[in-house]
Amino acid sequence: NRPRLSQSRRSAPSAAWRGQILRGVDEAGKCFFASSFAAVECVVRGLPLLLSGKVAATDFSPLKRKEMGNLCSNSKAVVEKHEKEASASARDADKTPQQKRYPYNWPAGAENVGYLTERQVKARMTTQSEQTLELADGFKFRWAAISQRGYYPSQADKANQDAYTVHVDLLGPGKHWFSVYDGHGPVGEKCSQFAREHVSKQFVAAMKAGVSSPDDDDDAVPLERHALTTAHLKANEMLAQSPIDDQQSGTTAITVYVDGRRCVVSNVGDSRAMLGSVAPDGSVVTRALSTDQTPYRRDERERVKKYGARVMTADQIDGVEPIHENWDCKLGDEIDDGGDPPRIWAQDQEYPGTAFTRSIGDSLAESLGVVAEPEIEEHVIDHSDRVLIAASDGIFEFITTKSCVDIALLYSDPLEACKALVGESYKLWIEREDRTDDITIILGFIDPPGGAGVGKNKNKSKADAEADDDDDEANAAANGGGDN
């Protein structure tokens, strides 16, 4: 059977109707509790007014009871309104002019964006507040994380299928592991949790074994690269042998392994890592540290075809759309608004229908080239770098890499930057799909030595510029002499 595709916009009226009912029940509950405390509030709020002379004793006469009753019953709403206004005013006062262009005080005001109230959004969100790590050469990395469970109108209790993990000093001081997993399929949450537990363990085992392997040119592959590849492939084998049914379920995996200032990034699937830096003139430069593995990529399409896969959209399968391969959208720089992505299919069969070309799990699709082997990139953190992000596609489905970095750099607290991106992503999902995917992000601000960093002087000194020249040479060497 073909996997269920994304929620159709045609279901918006029923979804909105359900949302109105839920909001009505929620408001009814609030009214009940408010009325229960009305008498107490009347005394507590009325007595000080009486003693101060602002309210006359005759105001409590029978002729005024109806008026006072209205005052008491409405007092809670009035106070809450004033508190919200005061809170909003205080937040506005703290904003920079750039931040005022982006009203991201998330989840405050969530009820104005979708079907969930602010309380319901908070209940779906788990956060990790700012943590600071010392890197090599005086660099600091201030990171935070958020994972927000998705909203599916027809599956109100659907589990969060995203997972993330951070291991500080995984293999000794200064060697840190950051990873995000985006599960999919009937038991995607089990697959992402399995990968969360086992990929890093297999990486440690491979690193301790200390065996590198030759690449196609008979040159030794750096140990970290070999260990990352081994870890993902081994975790995939273990998942297939576990009690978890991974035939039509699996997970992506994006990992940033930091050793000193060296970052080794591995990617399986369509989660993403990205970097924001500052040019000598103070402008922001963005760079993707991973490339989504989807049928949008011509090289990935050709690779899976060698395994016998067909690459078509669902409409092409149904005969609604002509056969073509005009899909060379550069995800990250562009947003695909078509809503019907190219997928992987068996010959003469309507399965598995995956919109990615690599994953951990998805054993039915493995024979069609959907494999767990990661692509690996490297980067050496330099004096121009300011923010590093690893996230599931819940973040960037409707936000480009450049916009993600631009929004993040409006903030100095990494948790607030996470909230901003999660909030904007949630809003765009609701506006375009009437549902939201699970949304997960790990975001870290890079503070180079000398005081420059996010929220500080963004223009580089001459010393920083000279240091960057050395860093550029290190990055070129890390990536085989190519451009960085």
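All residue numbers refer to position in the chain's written sequence, counted from 1. Thresholds applied to this predicted model are a pLDDT of at least 70 for local features of residues and 80 or more for the giving and counting of side-chain atom pairs; totals over whole chains, interfaces and linings are not thresholded and use all residues. Side-chain descriptors were evaluated using all non-hydrogen atoms of the structure, hydrogens and water having been removed beforehand.

### So, the overall build of the protein
Part 1: Labels follow the DSSP assignment, with helices taken as runs of H or I lasting at least four residues and strands as runs of E lasting at least two, numbered in each case from the N terminus. Helix and strand counts for the protein stand at 14 helices and 16 strands.
Part 2: Looking at the protein residue by residue over its 484 residues, the buried ones come to 48%.
Part 3: Whether two residues touch is decided by their heavy atoms; if any such pair falls within 4.5 Å, the residues are in contact. The contacts of the protein with a sequence gap of at least 6 include a subset with a gap of at least 24, amounting to 69%.
Part 4: When the accessible surface of the protein is split by element, carbon and sulfur atoms take 52% of a total near 23000 Å². Here the term buried applies to any residue with accessible area under 20% of the maximum for its type, exposed to any over 50%, and partly exposed to those in between, with areas from a 1.4 Å probe on protein chains only. Note on areas: Shrake-Rupley with a 1.4 Å probe; residue coverage comes only from the protein chains shown.

### Side note on the sheet that holds strand β2 (residues 140-148)
Part 1: Strands pair, by our definition, only if DSSP identifies at least two bridges between them. If you trace the 6 strands from one edge of the open sheet to the other, you get β1-β2-β16-β15-β8-β9, paired in antiparallel fashion. In this open sheet, the two strands that pair with only one neighbour each are β1 (125-134) and β9 (284-288). Recorded for the sheet is a direction-independent mean angle of 15 degrees between the axes of neighbouring strands.
Part 2: Where β1 and β2 come together, 8 bridges link them in antiparallel fashion. Of the residues in β2, the one forming a bridge with M125 is Q148. Lines fitted to C-alpha atoms define the axes here, with helix axes fitted over just the stretch in contact, and angles between the N-to-C directions of these axes take values from 0 to 180 degrees.

### Some points on empty space enclosed by the protein
Part 1: Residues are said to line a cavity or pocket when one of their atoms sits within 4 Å of a point; the points come from a 1 Å grid over protein atoms alone, cavities being sets where a 1.4 Å probe fits but cannot get out and pockets being open sets with protein on both sides within 12 Å along at least five of seven lines. Grid points are joined across faces, edges and corners, and a volume is the space filled by probe spheres set on the points. Counted by the stated rule, this structure contains 1 cavity of 30 Å³ or more.
Part 2: A volume near 60 Å³ is recorded for the largest cavity.
Part 3: F141, F178, V256, L388, I389, A390, I442 and G444 together form the lining of the largest cavity.
Part 4: Only β15 (385-391) and β16 (439-447) provide two or more residues apiece to the lining of the largest cavity.
Part 5: If you tally residues by element for the lining of the largest cavity, the top one is β15, at 3 residues.
Part 6: The nonpolar class holds Ala, Val, Leu, Ile, Met, Phe, Trp, Tyr, Cys and Pro. Asp, Glu, Lys and Arg form the charged class, and all remaining residues, Gly among them, are polar. Tallied by class, residues from the lining of the largest cavity come to 7 nonpolar, 1 polar and no charged.

### Quick look at helix α8 (residues 298-305)
Part 1: For α8, the full list of buried residues reads E300, R301, R303 and V304. Taken around the axis of α8, the buried residues stretch over an arc of 165 degrees, which confines them to a single face.
Part 2: Contacts made by the buried residues of α8 are with β10 (310-312) and β11 (343-345). The directions from the helix axis to the C-beta atoms are what the arc is built from.

### Side note on the pairing of strand β4 (residues 175-184)
Part 1: Of all the 10 residues making up β4, 9 are buried; the element is thus mostly covered by neighbouring parts of the structure.
Part 2: Pairing geometry for strand β3 (residues 162-167) and β4, over 6 bridges, is antiparallel. Paired with Y164 across the strands is V180, a residue of β4.
Part 3: Taken together, the 6 bridges between β4 and strand β6 (residues 253-259) define a ladder with antiparallel strand orientation. Its bridge partner lying in β6, W177 is registered against Y257.
Part 4: With 2 bridges joining them, β4 and strand β5 (residues 250-251) adopt antiparallel strand pairing. Residue pairing for β5: H184 is matched across the bridge by G250.

### Details of the sheet that holds β11
Part 1: In space, the 3 strands of this open sheet follow the order β10-β11-β12, with antiparallel pairing throughout. The open sheet is flanked by β10 and β12 (352-354), the only strands paired with a single partner. Averaged over neighbouring strand pairs, the angle between their axes works out to 30 degrees when direction is ignored.
Part 2: Sheet topology places β11 next to β12; 2 bridges connect them, and they run antiparallel. Across the sheet, W345 pairs through a bridge with P352, a residue of β12.

### Considerations on unusual backbone geometry
Part 1: Following Y351, the chain continues into P352 via a peptide bond in cis, with omega recorded as -5 degrees.
Part 2: Relative to the helices and strands, P352 resides in strand β12.
Part 3: In this structure, D169 is a non-glycine residue whose phi angle is positive, near 55 degrees.
Part 4: Within the element layout of this structure, D169 appears in the loop between β3 and β4.
Part 5: Classification of D169 as partly exposed rests on a relative accessible area of 37%.
Part 6: A positive phi angle is found at D348, which is not glycine, with a value near 60 degrees.
Part 7: Using a relative accessible area of 69% as the deciding quantity, one classes D348 as exposed.

### Concerning the pattern of salt bridges
Oppositely charged side chains can pair when the atoms bearing their charge come close.
Part 1: Just to be clear on terms, a salt bridge is a Lys or Arg side-chain nitrogen sitting within 4 Å of an Asp or Glu carboxyl oxygen. Scanning all chains against the criterion turns up 21 salt bridges.
Part 2: E378 serves as the salt-bridge partner of R225, at 2.9 Å between the closest nitrogen and oxygen. Of this pair, R225 sits in helix α7 (residues 223-241) while E378 sits in strand β14 (residues 375-380); the two residues are 153 residues apart in sequence, bridging distant segments of the chain.
Part 3: A relative accessible area of 3% means that E378 is categorised as buried.
Part 4: When salt bridges with common partners are traced through the structure, they connect R297, D299, E300, R303, R358 and E375 into a single cluster.

All quantities given are derived from atomic positions and should not be read as evidence of function.
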